[in-house]
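So the chains spell out like this:
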Amino acid sequence: MAAKASLDLCQSKQSKGLMWPGVMTPIILNAEECRTGHQPVTCLHNFAQKYGLPLSFQFNEDSGPGREITFTCRARKGKTRYSSASAKSKQEAKREACKHVLKTLNDHTLHENGEVCRTGNEPITCLHNFAQKYGLPLSFQFDEDSGRGHEITFTCRAMIGKTIYPSASAKLKQEAKREACRHALRTLNGHTLYDVKPKLSTNGEVYRTGNEPITCLNNFAQKYGLPLSFQFDEDSDQSNEITFTCRAMIGKTTYPSASGTLKQEAKREACRHVLRTLNDHTLHGLKPRLSTTPINQNAEVCRTGNEPITCLHNFAQKYGLPLSFQFNEDSGPGNEITFTCRAMIGKATYHLASAKLKKEAKREACRHVLRTLNYHKLYEVKPRISTSIEICTLHDIIAKLCHEKFETVIADIPNDLTNWKVIAGIVMESKSDRIFEVISLASGSRFITGKLLTTNGQVVVDSHAEILAARGMKRFLYHQIQKVIQGHRSNVLQLVQTGKLVLVSGVMFHLYISTAPCGDGALFTRSSGESSEDHFDHIPIFGKTKQGLLRTKIENGEGQPPTKHLQGSCFYQSMEAIRLGKRLRVMSCSDKICKWNLLGVQGALLANLMEPVYLTSITLGSLYNHKHMARAMCCRLDRNHTLGNLPFGYKVNHPVLGCVSHAKFPERNVTVKKSNSRSINWNTEDNCSELTDGMTGILQHNVLNSTSCQQRRTSRLCKQEMMKFFINISSDLGIRGIVKDDYVATKKASTQYQSCKNILYTTLHNQGYKTWLGIPMECQEMAT
């Protein structure tokens, strides 16, 4: 049976569904009748249960020509009979009958909250708000009945003051309560006591759009150094429904209480009461009223875009002074925890700062110190050099965004752990509105030692910054695919007629590296000198036979020696030899980026689901020479036009190459005497930094205060975690069959990607650039 698909993720009508490459089972889309991933039979059962209606099916069995059996099914909901449906199997006939019913219901636009609630609100919340607004007591009476088949039905009746409203019944207690609220709201609306208006922000009077009243009140109290506390009371009515009452206190002033069925909602409403009061009155000794403009707490102490913690660390380092923090943890009313922090520079102790979060207390303590230093003219807040789009190159913008984001990511990490040598980041650009967003960041310059290699995929092999940033980008793409699967709108990916996902038009990715990538891209720049010109048309140099060779990083060794010219175009190292002491070698970053410019950054697993994703530009912070970079990054691939026919969608990508213009962008010192082995990675979807050891490839616990990181034993960038993500997405798509017995077999399921990879290795080998050297195959054969 044909099912039209009207999801955002599909732009064309399919007769039977979308066919994913290599999979014979189509994805059936019930977009008009069901939410994504739901079955029409399930959806109809849920609908019937929600409204307490009996649902039944009548089946007929007919034998046609050739003794083929046809099943006919008709659904009945209550006393309503719907049109029948026929199919070769009984289950398919039932499914099709459910689709008929759901289409009919959909055509009648049955939206139960349209008459009683503002869009997006719950009827229970609306009725509570109404009762609170007029100071009326709201209560609910529940009855429980056991019907046929011992099915339990709940009956609920709402009471406002002494007025009792019509009862409502449902299979679930919560749904009965919700329906009773709808009855009450309809009655009130009919008597013009309750008005369903377009949604107006209840917070518009008290704080700026998009902010939380609790946050705004905390900011206000912190700004003026006033203690803020909350008192909670808990009441239980006749129906055992709990109501929380909250009263806010600023200093010695107590404000009106507020009630809610949830403790958080009561606290939020209490904050609204306080903010309204503050907005209506002039505070003693504090002339300014609450403003609807944002409060920039760092304006007096930091340059724009900087963190106070980072600024204080820089100040202490500049003058060689020790910086330390003392923390105390207090439990106040309602068991709410408050953190107190005091900063010490040398022997000088500064004012205490308090906050609900440890990080915020530390940040506020740093603000106190910086204000004091600024007052005594020991610290000066200078305006940051402008890096606006009008006066900067594309490369300046990319570098600026990555450096500023990196400063924020490492703000609360002890300085001895952030002694980085190289950082890299990937910035996503939306061409239509010129929005740039950092989606992945990393620092690091080490790789794992051979004796710590594992066969279970739980370690990160290569922890060079640009490699980690690319793996962080893969996690970003996995999350975007997940959004598409769940029916949410993605501004990054869309589904096309080929059955694969592609980038939305105008979306581009830019790579930033603070210095030239190791290998062919950096090796000859030191002798040839740096250049600052940008070239959209690449002008590579092929002057020496050594230029363009495939090179590797070598364990406990300096430099990047070239690989050997072996008989095959790709050679995998021996796990046994490495276990016996042979030094591990990993392909250089220049060679890996060159590989991305043919195969795409998405990798082999994601190639099963999406078209190749290429970099639009590559920006270096230092050690840039255009001719050597052009050769190393891409131009050696098609030097003699020997690539041949590439699979559909694949190409030799020539990204825009360039470097930071130091006159416009204040470059940070990107070299240190000796860097440690730790690496940091961050991406916008996981939204927490992760610290790993580049030489062991595992997480560094008890260093970062990230709950999600502490709960895992392995890095989110290792092969095992990536494979788990891929398996989950494949299952959600109904294409679990694409997952093979082990990791490497699953990667090989993408035949076009593997074909293109073979062309890459063969071309490099035939052009005399030597043999591609892979890590031991045992490291990629972990079971799925």
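Rules used in this analysis
- Residues numbered from 1 in each chain as written.
- Predicted model: local features only at pLDDT ≥ 70, side-chain atom pairs only at ≥ 80, totals over all residues.
- Heavy atoms only, no water.
- Helix = DSSP H or I, 4+ residues; strand = E, 2+ residues; numbered from the N terminus.
- Buried < 20%, exposed > 50% of the residue type's maximum accessible area, 1.4 Å probe, protein only.
- Contact = heavy atoms within 4.5 Å.
- Areas by Shrake-Rupley, 256 points an atom, 1.4 Å probe, with all protein chains shown as cover.
- Core = buried A, V, L, I, M, F, W, Y, C linked by side-chain atoms within 4.5 Å.
- Pairing = 2+ DSSP bridges.
- Axes fitted to C-alpha atoms, helices over the stretch in contact; angles between N-to-C directions.
- Expected span 1.5 Å × (residues − 1).
- Salt bridge = Lys/Arg side-chain N within 4 Å of Asp/Glu carboxyl O.

Colleague: Just checking my understanding: could you explain the overall build of the protein chain for this structure?
Modeller: The number of helices and strands found in the protein chain is 20 helices and 31 strands. Sorting the 784 residues of the protein chain into buried and exposed places 49% on the buried side. Contacts in the protein chain between residues at least 24 apart in sequence constitute 62% of all its contacts with a sequence separation of at least 6. Within the structure as shown, the protein chain displays about 39100 Å² of accessible surface, and the carbon and sulfur contribution to it stands at 49%.

Colleague: Help me understand the nonpolar core in this model?
Modeller: Soluble globular proteins tend to bury their nonpolar side chains together. Residues Ile481 and Phe509 are the most contacted members of the largest nonpolar core, which totals 66 residues. Sorting elements by how many residues they give to this core places helix H10 (residues 465–485) first, with 12 residues. Every residue in contact with Ile481, bar those within four places of it in the chain, is listed here: Leu493, Leu501, Leu606, Leu609, Met610 and Ile729.

Colleague: Sorry if this is basic, but what is going on with the sheet that holds strand E15 (residues 348–355) here?
Modeller: What holds strands together in a sheet is hydrogen bonding between their backbones, with the strands either parallel or antiparallel. Spatially, E13-E14-E15 is the arrangement adopted by the 3 strands of the open sheet, whose pairing is antiparallel. Strand pairing shows two members of the sheet lacking a second neighbour, strand E13 (323–331) and E15, which therefore form its edges. The sheet shows a mean angle of 20° between the axes of neighbouring strands, direction not considered. With 6 bridges connecting them, strand E14 (residues 337–345) and E15 associate as antiparallel partners. Pairing of Cys341 across the sheet is with Ala353, part of E15. Here helix H7 (residues 308–318) sits on the sheet and contacts E13 and E14; the angle it forms with E13, its principal contact strand, is near 145°.

Colleague: Just checking my understanding: could you explain helix H18 (residues 719–733) for this structure?
Modeller: Working note: α-helix, 3.6 residues per turn, so residues spaced by three or four point in the same direction. Between its first and last C-alpha atoms H18 spans 21 Å; for 15 residues at 1.5 Å apiece the expected length is 21 Å, and the two agree. Those residues of H18 that sit buried are Lys719, Glu721, Met722, Met723, Phe725, Phe726, Ile727, Ile729, Ser730 and Leu733. Check the buried side of H18 and you find it contacts H10, helix H15 (603–606) and helix H19 (743–747). Positive phi appears at Gly734, one or two residues downstream of H18, with a value of about 80°.

Colleague: It is not clear to me how the environment of Ile578 should be interpreted in this structure. Could you clarify?
Modeller: Among the secondary structure elements, Ile578 is positioned in helix H13 (residues 575–579). With 129 residues separating them in the primary sequence, Ile578 and Thr449 have C-alpha atoms 9.6 Å apart. Apart from the residues within four sequence positions on either side, Ile578 is in contact with Gly450, Leu453, Gln573, Leu584 and Pro776.

Colleague: Would you mind going over the pattern of salt bridges with me for this structure?
Modeller: Working definition: two side chains of opposite charge can pair if their charged atoms are close together. All told, the structure shown has 25 salt bridges when counted by the stated rule. Here Lys553 makes a salt bridge to Asp462, at a shortest N to O gap of 2.4 Å. Linking Lys553 in strand E23 (residues 552–554) with Asp462 in strand E19 (residues 462–464), this pair joins segments that are 91 residues apart in sequence. As far as burial versus exposure is concerned, Lys553 and Asp462 are alike and both buried. Of the charged contacts, one joins Asp686 and Arg475 as a salt bridge, the two residues approaching to 2.7 Å between their closest N and O atoms. Of this pair, Asp686 sits in the loop between strand E28 (678–683) and strand E29 (690–693) while Arg475 sits in helix H10, and the two are 211 residues apart along the sequence. You can call Arg475 buried: its relative accessible area is 9%. It is possible to trace a salt-bridge network through shared partners that takes in Glu122, Glu175, Arg178, Glu179, Arg182 and Arg186.

Colleague: Explain the sheet that holds strand E22 (residues 507–513) to me, please; I cannot follow it from the model alone.
Modeller: Ordered in space as E27-E26-E22-E16-E17-E28-E29-E30, the 8 strands form an open sheet in which the pairing is mixed. The open sheet terminates on both sides in strands that have one partner only, identified here as strand E27 (656–659) and strand E30 (698–699). Relative to E29, E28 is paired through 4 bridges, and the arrangement is antiparallel. Its bridge partner lying in E29, Ile680 is registered against Leu691. Strands strand E16 (423–430), strand E17 (435–443), E22, strand E26 (617–620), E27 and E28 of the sheet are contacted by helix H9 (residues 394–409), whose axis makes an angle of about 55° with E17.

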